[in-house]
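# Structure at a glance
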Amino acid sequence: MPIEPARLSFTEDGTPCSDAFGDVYFSRDGGLEQARHVFIGGNGLPERWQERERFTIVETGFGLGLNFLATWAAWREDAQRCGRLHFVSVERHPFRREDIATLHTRWPGLAALAAELREHWPVLTPGIHRLHLDGGRVVLTLLLGDALDLMPELQCRADAFYLDGFSPATNPELWSAELLRELPRLAAPGATLATWSVTGAVRRTLGELGFRCERAAGFGGKREMLRARIGDAADTASAATARHALVIGAGLAGSSIANRLAERGWTVDVVDSAAEAAQGASGNLSGVLRPLPSLDDNRLARITRAGALYGLRHLQRLSAGGLPVRWEACGVLHLARDPMHEDKQRRVVEAQQAPEEYLRFVASEEASRIAGWPLPLGGWWFPGGGWVNPPSLCRANLTAFPELIRCHFGSDVAALESDVDGWRALDANGDVIAAAPVAILANGVGIRRFPQAAALPVRSARGQVSHLPAEADSAPRVVVCRLGYVSPAIDGVRCAGATFSVDDEDAALRVSDHRENLAKLDFILPGFASAFDPARLDGRVGFRPASPDRLPMIGAVPAVPQADRASPLSSIPRHPGLYAVEGFGARGLVWAALAAELLASELAGDPLPLERSLVEALDPARYLLRPPRRAMADE
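First, a word on what this report is: a plain description of the structure on this page. (Residues numbered from 1 in each chain as written. Predicted model: local features only at pLDDT ≥ 70, side-chain atom pairs only at ≥ 80, totals over all residues. Heavy atoms only, no water.)

What follows covers the overall build of the protein. Of the regular secondary structure elements, the protein holds 16 helices and 32 strands. At 26 Å, the protein has a C-alpha radius of gyration in line with the 26 Å of a compact globule built from 635 residues. Each principal axis of the C-alpha distribution contributes one length, and for the protein these read about 80 × 65 × 50 Å. Burial analysis of the protein (635 residues in total) assigns 60% to the buried set. When contacts within the protein are restricted to residue pairs at least 6 apart in sequence, those whose partners lie at least 24 apart make up 73%. (Helix = DSSP H or I, 4+ residues; strand = E, 2+ residues; numbered from the N terminus. Rg over C-alpha atoms; globule rule 2.2 N^0.38 Å. Buried < 20%, exposed > 50% of the residue type's maximum accessible area, 1.4 Å probe, protein only. Contact = heavy atoms within 4.5 Å.)

The structure is reproduced here in structure tokens:
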């Protein structure tokens, strides 16, 4: 369902309220004080997070973000705070950035934190959005949409719950037994809960679910509040594991997972046969960052949306950190193939009601102005999309944490072996290149050389990109797609392509492929290709790892060649400590950052940044439960 933002409204006394639910966002006696008394104090914080590696809070009802800001402030003020604070919150009607800025002026003591939150505020699209704040030490995971749909999709281990929806009388769904039943599944041992509501139905349901409830002194005009606990707290010290990974491959997949693990304090050994990063399929001059919507918002559409938005935030963080990654959010124009497709594109935009900063439909006249070229049809305009130079992104990923990421370039892994201590990468002489308790295969089509990955149907898709001489600031100044793509001028070169040929191992440039790319270019920008001679063009050939269903493979590698198709994914045996980040196909830039964050979250025990159904759709073992189809080319 489309996201309907909250409307900025106030009661007569100036308290922010919701017209949709007919209730105020916080107590009239003071929102910040309520957050500190009911939710922070009610969950025994800050004492419970002290000396912990991480602490996770799950909240129902993000609202103005006041509980989050108060918790973040308390965490910053605590000298014994946990290493990483995860805050997960669901919100059906989030505020727009400009409205939440108006509301935050009420609490000048939180101004710096509120400004950082607004700087990273997500595009208001359905699904899970992950924001890295405070140098990556505070992670806000926002679930935008209906809580009854999204809470069952959440995967995490919550140490504390903040129940803070509107009152049960006005917003019964957030207090329903259906939603509360999700809490024991999400709870870590000894998890606590706090809320201002002491409604009998809520107390009875929580008690039936195993929570030990007690009433406590309430805040302001409320005489009582509710505190609860489920289970007994585990020994967190004994749960610590060795944080060391071996990554095979230094392209988009390998560099991204190394970066995401290193930010969590992991030591990562990256091994690649080339002399430097991004010499394989990730070595093109430019690639495209944009999603692929669909009328039914299918899995591919949802994952590309999540991947493109998280990928953009990742680029912004790298650039803000002073790392020289080359990219530009110049916008991406995805033109319709024909009038029927143009009508479908228009209907997708009308149905999804996406924010214009994310997606809008443009007719041929406006599309022509955007492209700087006369076009017969319109299409989708993604203002936040753009081009990225993959080699610079890979280098930035690897150099962001020099004290934790160790690169072993020029080292060809001939074999991968395991024992009780983990995994070893061996060269042709049988010498150990690097070893770690966890190994991650992120070497594209090279994964097929390892027998441990035999169950993964990775196929090689040859792609040839054509390099066209281009003057600076010449049209198009945006990326334009239409069964292919053409980039703006980058260092005097415009990229056009690309071919997609499965199981074609020819590494040489082919004039026939240049002709194919020029034909695509002429379809994108009619008449544009006539200035180029295919026999005189330069270009680049890469071999992309393709999956049968066009989705990447992210997770533990299955240890069996087949399984009962009625089996759940969780029952399929896996190689202990062996994982894959594979099958990106032609969407490496869209998948890489989110795929890495997903696997790093799984390995570190953090909340996952994608819905559970989508995580299962990316599980490498999914092919054991259904016959794989041939890999297909796509834009």
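Now for the packing of helix α1 (residues 31–40) against helix α2 (residues 66–77). The contact between α1 and α2 brings their axes to 9 Å, and the two run at 70°. Overall, the two elements α1 and α2 adopt an arrangement that is roughly perpendicular. Within the contact between the two elements, α1 uses Gly-31, Leu-32, Ala-35, Phe-39 and Ile-40 and α2 uses Leu-66, Asn-67, Ala-70, Thr-71 and Ala-74. Tallied by class, residues from the contact of α1 with α2 come to seven nonpolar, three polar and no charged. (Axes fitted to C-alpha atoms, helices over the stretch in contact; angles between N-to-C directions. Parallel < 35°, antiparallel > 145°, perpendicular 65-115°, else oblique. Nonpolar A, V, L, I, M, F, W, Y, C, P; charged D, E, K, R; others polar.)

This part is about the side chain of Thr-60. Looking at the element boundaries, Thr-60 is found in strand β4 (residues 54–60). Those residues within four positions of Thr-60 in sequence are excluded, and the remaining contacts are Val-90, Met-151, Tyr-162, Leu-163, Asp-164, Gly-165, Leu-174 and Leu-179.

Turning our attention to the sheet that holds strand β19 (residues 386–388). Strand order across the open sheet formed by three strands is β14-β19-β15, with antiparallel pairing between neighbours. Lying at the two open borders of the sheet, with one neighbouring strand each, are β14 (287–289) and β15 (327–328). Sheet topology note: the β14/β19 ladder contains three bridges and is antiparallel. Residue Leu-289 lies in a different strand from β19, and its bridge partner there is Gly-386. (Pairing = 2+ DSSP bridges.)

Moving on: the state of the cysteines. With the rule as written, the count across this model stands at zero disulfides. Looking at the unpaired Cys-213, the closest cysteine sulfur is the one in Cys-156, lying at 19 Å. According to the relative accessible area criterion, Cys-213 is partly exposed, its value standing at 32%. (Disulfide = S-S within 2.5 Å.)

The subject of this paragraph is helix α14 (residues 511–524). When the terminal C-alpha atoms of α14 are compared, their 20 Å separation across 14 residues agrees well with the 20 Å that a helix rising 1.5 Å per residue should span. The elements touched by buried residues of α14 are β16 (332–335), β25 (459–469), β26 (479–481), β27 (485–486), β28 (493–497) and β30 (538–546). (Expected span 1.5 Å × (residues − 1).)

Okay, the packing of helix α9 (residues 252–263) against helix α15 (residues 588–604) next. Two numbers describe how α9 lies on α15: the axes approach to 8 Å, and their chain directions differ by 40°. As judged from the angle between their axes, α9 and α15 are oblique. The two elements α9 and α15 cross, and the hand of that crossing is right-handed. Residue-level contacts link Leu-252, Ser-256, Ile-257, Arg-260 and Leu-261 of α9 to Gly-588, Leu-589, Ala-592, Ala-593, Ala-596, Glu-597, Leu-599, Ala-600 and Leu-603 of α15. By residue class, the composition of the contact of α9 with α15 is 10 nonpolar, two polar and two charged. (Left-handed = near helix turned anticlockwise from the far one by under 90°.)

Further remarks concern the nonpolar core. Counting residues in hydrophobic clusters, the biggest one holds 83 residues, and the most contacted among them are Leu-261 and Ile-440. In terms of residue count, the dominant contributor to this core is α15 (13 residues). In contact with Leu-261, other than residues within four places in its own chain, are Ala-245, Trp-266, Val-268, Ile-440, Ala-600 and Leu-603. The next biggest cluster of nonpolar side chains, apart from the first, holds 81 residues, and it includes Ile-100, Leu-133, Leu-150 and Ala-228. (Core = buried A, V, L, I, M, F, W, Y, C linked by side-chain atoms within 4.5 Å.)

A few words on helix α12 (residues 364–371). Owing to its 3.6 residues per turn, the α-helix aligns residues three or four sequence positions apart on the same side. For α12, the set of buried residues is Ala-367, Ser-368, Ile-370 and Ala-371. Buried residues of α12, viewed axially, fall in a sector of 160°; they line one side. In α12, those exposed residues whose orientation departs by more than 90 degrees from the buried face are Glu-365 and Arg-369. Those residues of α12 that are buried lie in contact with β16, β17 (360–362), β18 (379–382) and β26. (Arc of directions from axis to C-beta.)

Another point: the pattern of salt bridges. Inspection of every chain in the model, using the stated rule, returns 36 salt bridges. Two residues, Glu-365 and Arg-369, come together in a salt bridge whose shortest N-O distance is 3.6 Å. Of this pair, Glu-365 and Arg-369 both sit in helix α12, separated by four residues, roughly a single helical turn. Neither Glu-365 nor Arg-369 differs from the other in exposure class; each is exposed. Put simply, Glu-53, Arg-54, Arg-130, Arg-243, Arg-260, Glu-263, Arg-264, Arg-317, Glu-597 and Asp-606 are held in one network by salt bridges that share partners. (Salt bridge = Lys/Arg side-chain N within 4 Å of Asp/Glu carboxyl O.)

To continue, consider the sheet that holds strand β12 (residues 244–248). Sheet strands pair by backbone hydrogen bonding; their relative direction is either parallel or antiparallel. Strands sit in the order β20-β13-β12-β24-β32-β31 across an open sheet of six strands; the sheet is mixed. Whereas interior strands pair on both sides, the edge strands pair on one side only; in this sheet they are β20 (405–409) and β31 (553–558). Sheet twist, expressed as the average angle between the axes of neighbouring strands with direction ignored, equals 25°. With five bridges connecting them, strand β13 (residues 267–272) and β20 associate as parallel partners.

A word on the pairing of strand β22 (residues 422–426). Among the five residues that make up β22, four are buried, leaving the element largely enclosed by the rest of the structure. Of the strand pairs in this sheet, strand β21 (residues 415–419) and β22 are connected by five bridges, and their pairing is antiparallel. Residue pairing for β22: Ser-418 is matched across the bridge by Trp-423. Taking the residues between adjacent antiparallel strands as the criterion, β21 and β22 are bridged by two residues. As defined by bridge partners, β22 adjoins strand β23 (residues 432–436) across four bridges and the pair is classed as antiparallel.

Our next topic: unusual backbone geometry. For the bond running from Ala-475 to Pro-476, omega is 0°, close enough to zero to count as cis. For Ala-278, which is not a glycine, the phi torsion comes out positive at approximately 60°. You can see Ala-278 is positioned in the loop between β13 and β14. Taking relative accessible area as the criterion, Ala-278 reaches 3% and is therefore assigned buried. The backbone of Leu-483 sits at a positive phi, close to 55°, despite the residue not being glycine. Relative to the elements of secondary structure, Leu-483 occurs in the loop between β26 and β27.

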